[in-house]
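Summary of structural features
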Amino acid sequence: MLIRQLAAHAGDRRDLPPPYYRNRNVRWAIDLDGDGRPRGGRLVDLSTAESKSGVPLDTPYVQRSGTGSLPFLLTDTLQYVLAMPKDDSDKQRADARRRAEDFAELVYRWAKDEPLAEPVVRFLRRDALSELEIPDQAKPSDVVAIRTDQGWVHALPSAVQVWGQIVRERKSAAGGLGICLSCGEGGPLLATIPEPVKPGGIPVAGGRGRDAQLVSINKTAQGRGGITQLANTPLCDTCGGQAMSALNALLADRQHHYRGADSVLVWWLRRPAPFSLLGAVRDAQPQDVNGIIEQVHLPPARRADWLSHNDFYAVTLSANQSRVVIRDWVDVPLFELCEHLDKWFGDHEMADLWEDGAQRVALWRMAAALGRYGKQGYVRDTAPRSAERDLMAAALRGTPLPTHLLARLIQRVRADNRVDLPRAALLRLLLVRADPAMKEILLEHLNLDTRDPAYLCGRVFAVLEDIQRTALDNINTTIGDKFFGAAMARPLPVLTMLRKNATGHLRRLRGSRKAAGIALDKRLDEIFQKFAAELPATLDLAGQGRFVLGYHQQRSADREAARAAAAARKAAAPESA
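Reference entry: report on the structure contained in this document. (Residues numbered from 1 in each chain as written. Predicted model: local features only at pLDDT ≥ 70, side-chain atom pairs only at ≥ 80, totals over all residues. Heavy atoms only, no water.)

Let us now look at the overall build of the protein chain. Of the regular secondary structure elements, the protein chain holds 19 helices and 17 strands. Taken against the 2.2 N^0.38 rule, which gives 25 Å for 577 residues, the C-alpha radius of gyration of the protein chain at 33 Å runs more than 25% over that of a compact globule. For the protein chain, the spread of C-alpha atoms along the three principal axes comes to 105 × 55 × 50 Å. When burial is assessed residue by residue, the protein chain has 51% of its 577 residues classed as buried. Relative to all contacts within the protein chain whose residues are 6 or more apart in sequence, the contacts with residues 24 or more apart total 71%. Accessible surface, the protein chain as shown: approximately 27500 Å² in total, 49% of it carbon and sulfur. The protein chain carries 79 positive and 69 negative side-chain charges, and their two centres are separated by 6 Å. (Helix = DSSP H or I, 4+ residues; strand = E, 2+ residues; numbered from the N terminus. Rg over C-alpha atoms; globule rule 2.2 N^0.38 Å. Buried < 20%, exposed > 50% of the residue type's maximum accessible area, 1.4 Å probe, protein only. Contact = heavy atoms within 4.5 Å. Areas by Shrake-Rupley, 256 points an atom, 1.4 Å probe, with all protein chains shown as cover. Lys, Arg positive; Asp, Glu negative; His and termini not counted. Charge placed at Lys NZ, Arg CZ, Asp CG, Glu CD.)

Turning our eyes to something else, we now look at the side chain of R27. Relative to the elements of secondary structure, R27 occurs in the loop between β1 (21–26) and β2 (28–31). The residues touching R27, leaving out its near neighbours within four places in the chain, are V44, D45, L46, S47, K52, S53, G54, Q137, D142 and V143.

The four strands are arranged β10-β11-β12-β13 in an open sheet whose pairing can be described as antiparallel. Strands with a single pairing partner mark the edges of an open sheet, and in this sheet they are β10 (257–259) and β13 (323–333). Within this sheet the neighbouring strands show an average axis-to-axis angle of 15°, counted without direction. Note that strand β12 (residues 311–320) and β13 share ten bridges and pair antiparallel. For Y313, the partnering residue across the bridge sits in β13 and is D331. On top of the sheet, helix α7 (residues 237–252) reaches β10, β11 (264–269) and β12; it is set at about 110° to β11, its chief contact. Set on the sheet, helix α12 (residues 387–397) makes contact with β10, β11, β12 and β13; between it and β13 the angle comes to about 25°. (Pairing = 2+ DSSP bridges. Axes fitted to C-alpha atoms, helices over the stretch in contact; angles between N-to-C directions.)

So, on to the packing of helix α17 (residues 491–512) against helix α18 (residues 514–528). At a minimum axis distance of 6 Å, the contact between α17 and α18 shows a crossing angle of 150°. Taken as axis vectors, α17 and α18 run roughly antiparallel relative to one another. Touching R499, L506, L509, R510 and S512 of α17 are K514, G517, L520, D521, L524, D525 and F528, all from α18. Grouping the amino acids of the contact of α17 with α18 by side-chain chemistry returns five nonpolar, two polar and five charged. (Parallel < 35°, antiparallel > 145°, perpendicular 65-115°, else oblique. Nonpolar A, V, L, I, M, F, W, Y, C, P; charged D, E, K, R; others polar.)

On to helix α3 (residues 90–111). With 22 residues, α3 should cover 32 Å at 1.5 Å per step; its first-to-last C-alpha distance of 31 Å lies within 8% of that length. Every buried residue of α3 is accounted for by Q92, D95, A96, R99, A100, F103, A104, L106, V107, Y108, W110 and A111. (Expected span 1.5 Å × (residues − 1).)

This part covers the state of the cysteines. Per the counting criterion, the structure on display carries zero disulfides. The thiol of C236 is unpaired, and the distance to the nearest cysteine sulfur, on C239, comes to 3.6 Å. (Disulfide = S-S within 2.5 Å.)

Another point: the nonpolar core. The biggest cluster of nonpolar side chains holds 93 residues, and the ones touching the most others in it are F312 and W344. Looking at which element gives the most residues to this core, the answer is helix α15 (residues 453–471), with eleven residues. Setting aside residues up to four positions removed in sequence, F312 forms contacts with W267, W268, L269, L277, L278, V330, D331, V332, P333, L334, L337 and L396. Of all hydrophobic cores here, the second largest spans 39 residues; its members include A104, F123, L132 and W163. (Core = buried A, V, L, I, M, F, W, Y, C linked by side-chain atoms within 4.5 Å.)

Where a strand is regular, its side chains alternate between the two sheet faces. When you tally the buried positions in β11, you get six out of six residues, the bulk of the element. Alternating positions in β11 separate into two faces, V264, V266 and W268 on one and L265, W267 and L269 on the other, with burial throughout. From the end of β10 to the start of β11, which pair antiparallel, there are four residues.

This paragraph deals with the packing of helix α13 (residues 404–416) against helix α16 (residues 479–489). Where α13 meets α16, the axes come as close as 8 Å, and the angle between the chain directions of the two elements is 150°. The angle between the axes of α13 and α16 places the two elements in the roughly antiparallel class. Only F484, G485, M488 and A489 of α16 make contact with α13, whose side of the interface consists of I410, V413 and R414. Partitioning the contact of α13 with α16 into residue classes produces five nonpolar, one polar and one charged.

A separate point is the pattern of salt bridges. Here the idea is simple: oppositely charged side chains can pair when their charged atoms come close. Per the stated rule, a full pass over the model turns up 34 salt bridges. Linked through salt bridges whose partners overlap, the residues forming this network are K343, D347, R433 and K439. (Salt bridge = Lys/Arg side-chain N within 4 Å of Asp/Glu carboxyl O.)

With that settled, consider the packing of aromatic side chains. On inspection of all chains with the given rule, the structure shows 13 aromatic pairs. With a centroid separation of 5.9 Å and 75° between ring planes, the pair formed by F72 and W163 is classed as edge-to-face. Here the residue F72 occupies a position in the loop between β4 (55–60) and β5 (75–77), and W163 occupies one in helix α6 (residues 157–172), the gap between them amounting to 91 residues. When its relative accessible area of 1% is taken as the criterion, F72 is described as buried. On the numbers, 4.7 Å between centres and 50° between planes, the contact of F484 with Y551 is tilted. One end of the pair, F484, is in helix α16; the other, Y551, is in helix α19 (residues 541–576), and 67 residues separate them in sequence. (Phe/Tyr/Trp six-rings, centres within 6.5 Å; stacked < 30°, edge-to-face > 60°.)

Time to look at unusual backbone geometry. In this structure, Y20 is a non-glycine residue whose phi angle is positive, near 65°. Residue position: Y20 is located in the loop between α1 (2–12) and β1. Exposure remark for Y20: the relative accessible area of 5% places this residue in the buried category. Not every positive phi belongs to a glycine, and A83 is a case in point at roughly 55°. Mapped onto the secondary structure, A83 falls in the loop between α2 (78–81) and α3.

This is the structure in C-alpha cells:
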C-alpha cells in the first residue's frame with residue numbers, strides 16, 4: 001500500500017521537517033529584542049540576489065481550505081501576522097484584523113507554558129503594526145517569521161509540539177475513532193490529510209500548479225456509499241502526516257524523482273543502493289548500467305548485500321486541478337527490478353553509425369525520438385506527452401509498450417526521413433516486446449543469417465544507397481532522400497526500380513573504383529539470394545519497422561568495417577615507410 005510504504009520510508013529518513021511543517025521561502029523577518037520591540041523598527045528583508053522570494057525555512061503549514069481564518073503558528077503571511085489587507089476596502093481591512101487576532105490567539109496558546117515566548121507576547125499585545133515600517137514592496141501574501149535572541153521561535157520544541165496538537169484538532173475533529181488502514185493501530189482518525197503535495201512537485205501544463213491532495217473526496221458522488229473525506233480510507237495522523245512529508249521530500253530530491261512532460265515518477269528503496277537505479281535507465285551511464293547487469297548475472301552467493309531482502313517502490317503521479325492522480329504503483333523485490341532493467345537494455349541495444357559495438361540508449365533520447373526532427377535536432381515538446389511515462393513503466397515492469405508508439409515512430413521516420421541510434425533502438429524495443437520471437441531476427445547488430453523479407457529489403461536499400469554515394473560525387477539528393485519512405489511501405493516496385501538504376505552506377509565504378517564496385521555488387525547479390533520468394537509488395541507497420549532496422553544495421557556494419565579498414569591501413573603505414 002502506498003501510504004504504508006511512504007510512512008515507513010519517513011521513519012528511515014533524518015532530513016524531514018517536523019510533523020506538519022513545510023520548507024517554504026520566508027521573505028520577511030521580525031527581529032525582536034528581549035522587551036518584544038522590533039530591532040530597527042522595520043521588517044528585515046531576507047531576499048537575496050539568488051533567491052528573491054526569501055530564505056527557505058521549515059515552518060508550520062497545513063492546507064487551508066475555504067474562506068475561514070486558519071492561521072499557522074508563529075510564521076504566516078503578512079495578512080495574518082500584521083493585519084496587512086489585500087486592498088484598502090473596509091471589508092478587507094476588517095478581514096485582515098480578524099485573521100491577525102486569530103493568529104495572536106494561537107500564539108497565546110503556545111505561550112502559556114513557554115517562558116521564551118515573552119518577547120513575542122509583548123510584541124503582539126502592543127499595536128504591532130504601528131511599531132513596524134513595512135516596505136512598499138511587501139505584499140499581504142509574503143511569508144514572515146519571528147526571530148528573538150533564541151533564534152526562530154517557530155523552531156522551538158514547544159512550538160513543534162503545540163502546532164502538532166492544533167493540526168490534529170483541526171484535521172481529526174470529524175474523523176472519529178477507528179483502526180488506521182496503514183499501520184493497523186486504533187485511535188483518532190484524520191478527517192482529511194493535513195499536508196498536500198507542494199505546488200511545482202507535479203508537472204502541469206502551462207504553469208506551476210497548486211497544492212494537490214493525495215486523497216480528496218469532498219462530494220458524496222465521489223465517495224463509496226456517499227461518504228466523503230477519509231471515511232473509506234481511514235488513516236491516523238501519524239501515518240497521514242509522515243506519508244505526505246516523505247512524498248514531498250522525495251519530490252524535492254533530484255536523485256529520487258523523474259519528471260516527464262505531464263507526470264512525475266517518485267521512487268525509493270527499503271534499503272539504500274550505491275547508485276541511482278532510475279538514473280541508469282534515464283541516462284544509460286555505463287558505470288550504472290554495468291553495475292546492475294553484473295549483479296543480475298552473478299551467482300546468488302556473490303551478489304551484493306544491498307540486493308538481498310530489499311524492495312523497490314515507485315509511484316507515478318499527475319495532477320488534475322487540486323487532486324493527485326496516481327498513474328502507476330510499482331512494488332517489487334529489488335532483484336526482480338534489476339532483472340527487468342537488464343532485459344530493458346538487452347531489448348534495445350543497437351549498433352550505431354558512429355561508434356563500434358552495441359550502444360545502450362538513454363530513455364529520454366528514445367522518448368524525444370518520437371518527436372519531430374529539425375535542423376538543431378529533435379524539436380522539444382513534439383513527442384507525445386505520455387512517451388517518457390510509457391517507456392519508464394515498460395522498463396520497470398518488463399512489459400510491452402503501447403502499440404500506438406510503433407505507428408507514431410514509423411510516421412516520424414517517414415516524415416523526417418531520418419533513422420538514427422535512438423529511433424533504431426526504440427524500434428527494436430517496440431518490436432521485440434510486442435513479439436519476443438523477433439529477438440531471434442532483430443539482433444543488436446547486423447543479422448547476416450536471417451531471411452526475413454522486410455529486414456532484407458532494408459539491407460538492400462542501404463546497399464543501393466551506398467552504390468549511389470560511391471559512384472557519384474557531390475550528390476544533392478540521394479535515393480534515401482527521394483524514395484526511403486516509399487520503399488518502407490512498398491518495397492517491390494521501389495527496390496526493383498532502384499536496382500535497375502544501380503546498374504549504371506556499378507558500370508561507372510568498374511572504370512573508376514573497380515574494387516569498390518565489385519564488393520558492392522557482390523554484397524547486393526548476396527542479399528538478394530536470401531529472398532525465398534519475390535520481394536514483398538507491401539509491408540505492415542511491424543514489417544516497416546524491420547525494414548528500417550535492416551537499413552540502419554547494414555549502414556552501421558558498413559561504417560564499422562570502413563573504420564576498421566582505415567585503422568588497419570594507418571597501422572600498416574609506419575611499417576611500409
